[in-house]
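# Architecture and fold: a report
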Amino acid sequence: MSTAHHVPVLVDRVVALFGPALIRPGSVLVDATLGLGGHAEALLRSCPEAHVVGLDRDSEALSMARARLQDFAERVTVVHAVFDRLGEVLSGLGYGPVNGVLFDLGVSSLQIDVRVRGFAYAEDAPLDMRMDAATGQTAADILNSYSSKDLARILRAYGEERFARRIADSIVRERARAPFETSARLVELIRDSIPAPARRSGGHPAKRTFQALRIEVNDELAVLRRALPAAIDRLAVGGRLVILSYHSLEDRLAKQAIRARALPNVPEDLPVVPADREPELRVLVRGAERASVQEIAANPRAASVRLRAAERIREVA
């Protein structure tokens, strides 16, 4: 896949939000989900004083991002790591507080577009779904080993699938005939498990199951729960956090992490807020910002994005 065709979501808005935090020499931005480097490239071009530390768990994506960012090699540090290791990585590099942290969550263009990675349900492919293809269990491992109860649990919790138990029971029944290996058989099973009226709305019938499997394979929500507080803790005063999420589960965690630090840390009925309990963050956007009709037309992957952003306004001892 050529990075020339990779269009980062809400790139102009992301650059505008980080711009004020990255004007000083030596400013540091952490791109916690470097992917193919689209946001990083735009930020490096627009913020000539900034250094980017880019993290990703996908070694193939990191290799492509390095090539894309070679013109800025002196201002980029690329690290193969899951983003909940953000604090550890920064300490290892000798960095203290940073001026920005970006999370562009979900599946990267590379992972969607490369058939053998198994993220897409539109064509038959191995049921892999690992963001780091070198380690961990695959989607096939989960389908072929989890109990019906556990399969239903992850489909319900991570895919918000109404027919989770029916699909889980069908999976267990089918794998007794032959283990699951590729996606076409799973897609057909899901379609047959969902009543016809429900199949006619809500997008592709396999969408929710594939999302749930991907989240389970990569432990995405647990990683995000750890990463967001760690990112906020690393922000300097005036530093900014921007989070792009693509489904309600991610967005809920983003909202909760920001809200927890954007309100006074005192009981509601306390008449005076002590200085050390004042909010740490200032919210920069109202609610969850969505892509414009024009951006979605130019880049369909922006259709589900929700952007949240905040700025650190107080040091915490």
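What counts, and where the lines are drawn
Residues numbered from 1 in each chain as written. Predicted model: local features only at pLDDT ≥ 70, side-chain atom pairs only at ≥ 80, totals over all residues. Heavy atoms only, no water. Pairing = 2+ DSSP bridges. Helix = DSSP H or I, 4+ residues; strand = E, 2+ residues; numbered from the N terminus. Axes fitted to C-alpha atoms, helices over the stretch in contact; angles between N-to-C directions. Contact = heavy atoms within 4.5 Å. Buried < 20%, exposed > 50% of the residue type's maximum accessible area, 1.4 Å probe, protein only. Expected span 1.5 Å × (residues − 1). Arc of directions from axis to C-beta. Salt bridge = Lys/Arg side-chain N within 4 Å of Asp/Glu carboxyl O. Lys, Arg positive; Asp, Glu negative; His and termini not counted. Polar contact = N/O pair within 3.5 Å; in protein donor to acceptor, adjacent residues only side chain to side chain. Phe/Tyr/Trp six-rings, centres within 6.5 Å; stacked < 30°, edge-to-face > 60°. Lys NZ or Arg CZ within 6 Å of the ring centre and 35° of its normal. pLDDT = per-residue confidence, 0-100.

Here seven strands make up an open sheet; going across it, the order is 3-2-1-4-5-7-6 and the pairing mixed. Single-partner strands in this sheet number two, and they are strand 3 (76-80) and strand 6 (281-283). Taking the axes of each pair of neighbouring strands and ignoring which way they run, one obtains an average angle of 15° across the sheet. Sheet topology places strand 6 next to strand 7 (residues 306-312); three bridges connect them, and they run antiparallel. Along strand 7, the bridge assignment pairs Val-283 with Ala-310. With respect to the sheet, helix 1 (residues 11-18) is in contact with strand 1 (27-31), strand 4 (98-104), strand 5 (235-245) and strand 7, its orientation differing from that of strand 5 by roughly 165°. Here helix 13 (residues 248-262) sits on the sheet and contacts strand 5, strand 6 and strand 7; the angle it forms with strand 7, its principal contact strand, is near 20°.

Turning our eyes to something else, we now look at the pairing of strand 4. The buried fraction of strand 4 is high, at seven of seven residues. The pairing of strand 1 with strand 4 spans three bridges and is classified as parallel. Counterpart to Asp-31 in the pairing with strand 4 is Leu-102. Two elements, strand 4 and strand 5, share six bridges in a ladder whose sense is parallel. Across the sheet, the residue bridging to Asp-104 is Leu-244, located in strand 5.

Here helix 8 (residues 164-175) spans 16 Å end to end across twelve residues, near enough to the 16 Å set by a 1.5 Å rise per residue. Those residues of helix 8 that sit buried are Ala-164, Ile-167, Ala-168, Ser-170, Ile-171 and Arg-175. Around the axis of helix 8, the buried residues are gathered within 165° of arc, so they sit on the same side.

The next point concerns the pattern of salt bridges. Overall, the coordinates contain 18 salt bridges when judged by the stated rule. Glu-41 serves as the salt-bridge partner of Arg-68, at 2.9 Å between the closest nitrogen and oxygen. Of this pair, Arg-68 sits in helix 3 (residues 59-68) while Glu-41 sits in helix 2 (residues 38-46), placing them 27 residues apart in sequence. Residue classification places Arg-68 among the buried residues on the basis of a relative accessible area of 15%. In the salt-bridge network here, residues are joined through shared partners; they are Asp-233, Arg-261, Glu-280 and Arg-312.

Its location among the elements puts Asp-56 in strand 2 (residues 50-56). Although Asp-56 is buried, it forms no salt bridge, and the closest oppositely charged side chain is Arg-57 at an N-O distance of 6.4 Å. A polar atom in the side chain of Asp-56 sits 2.9 Å from the backbone nitrogen of Asp-58. The contacts of Asp-56, once residues within four sequence positions are left out, are Thr-33, Leu-34, Gly-35, Leu-62, Val-79, His-80 and Ala-81.

This brings us to the packing of aromatic side chains. Under the counting rule described, the total for this entry stands at one aromatic pair. On the numbers, 5.3 Å between centres and 85° between planes, the contact of Phe-83 with Phe-103 is edge-to-face. Of this pair, Phe-83 sits in the loop between strand 3 and helix 4 (86-93) while Phe-103 sits in strand 4, placing them 20 residues apart in sequence. Taken as a pair, Phe-83 and Phe-103 share a single burial class, namely buried. Here the guanidinium or amino end of Arg-185 rests over the ring plane of Phe-180, the centre of that ring lying 4.2 Å away.

With that out of the way, let us pick up the confidence of the model for the protein chain. Looking at the protein chain as a whole, the pLDDT averages 91, with 93% of positions reaching at least 70. The low-confidence segment residues 113-117 (pLDDT under 50) makes 18 contacts with residues lying over four places distant or belonging to another chain.

Looking now at the environment of His-247. For His-247, the position within the fold is in the loop between strand 5 and helix 13. On the accessibility criterion, His-247 (8% relative accessible area) is buried. Residues His-247 and Leu-102 lie 145 residues apart in sequence; the distance between their C-alpha atoms is 17 Å. Leave out the neighbours within four places in its chain, and His-247 touches Gln-211, Arg-214, Ile-215, Leu-221 and Arg-306.

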